[in-house]
Amino acid sequence: MQRITISLDDPLAAALDAFLQKTGYQSRSEGVRDLVREAMGRTANEQAVHAISVANLSYIYNRRVRLLASRLSDMQHAHHNLIASTTLVHLDHDFSLESVMLKGPTQSVRDFADKVRAERGVLSAMLNLVGVEAGDIHEHDHDHSHTGQKHLSPTVS
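Residues numbered from 1 in each chain as written. Predicted model: local features only at pLDDT ≥ 70, side-chain atom pairs only at ≥ 80, totals over all residues. Heavy atoms only, no water.

Draft legend 1. Structural detail: helix 1 (residues 10-23). The first and last C-alpha atoms of helix 1 sit 20 Å apart over 14 residues, in line with the 20 Å expected at 1.5 Å per residue. Taken together, the buried positions of helix 1 are Ala13, Leu16 and Leu20. The arc enclosing the buried residues of helix 1, seen along the axis, measures out at 60°, which places them on a common side. Among the exposed residues of helix 1, those oriented more than 90 degrees off its buried face are Asp10, Pro11, Gln21 and Lys22. (Helix = DSSP H or I, 4+ residues; strand = E, 2+ residues; numbered from the N terminus. Expected span 1.5 Å × (residues − 1). Buried < 20%, exposed > 50% of the residue type's maximum accessible area, 1.4 Å probe, protein only. Arc of directions from axis to C-beta.)

This is the structure in structure tokens:
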């Protein structure tokens, strides 16, 4: 086992301690180890190789940042082929939470998420990405047509 030293500002250290106490950790080391594992697992899932993915990109943004809401909307329109739906929640006078459901080529989904994350005024952006396989091979006890749509079945890893 290796020992590392990290520096946290006082508010972040207090928030970490409160989180660890609330979730029942006996030490900072145990909690930080689990947080690092969780972050690494999430990153590995985001970076896994899938041709096609569905994803939820959720982010908080400051609507008072000049033209940010307009830029975000323009980005969604420019990538309309990836956008399945969006939900916007106004949190207070300054901040909004937006969730964007995406589907399409994995690299395009990741690129879109990276562009949103990089916008000044966007905070706490998280991408939950699931690899899928597109196809129509399945059995039903009835006939039906997909009219050009394909099923997106989660890949099993």
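Draft legend 2. Fine view of the pattern of salt bridges. Inspection of the entire model under this criterion finds 5 salt bridges. With its nearest N and O atoms 2.4 Å apart, the salt bridge here joins Asp94 to Arg64. With Asp94 in the loop between strand 2 (83-90) and strand 3 (95-105) and Arg64 in the loop between strand 1 (52-62) and helix 3 (68-78), this residue pair connects regions lying 30 residues apart in the sequence. Here Asp94 falls in the partly exposed class, since its relative accessible area comes to 28%. On the basis of relative accessible area, Arg64 is assigned to the exposed category, the value being 52%. Taking the shortest distance from any N to any O, the salt bridge between Arg71 and Glu119 comes out at 2.7 Å. Highlighted residues: Arg71 in helix 3 and Glu119 in the loop between helix 4 (106-118) and strand 4 (122-135), separated in sequence by 48 residues. The exposure class assigned to Glu119 is buried, which follows from its relative accessible area of 18%. (Salt bridge = Lys/Arg side-chain N within 4 Å of Asp/Glu carboxyl O.)

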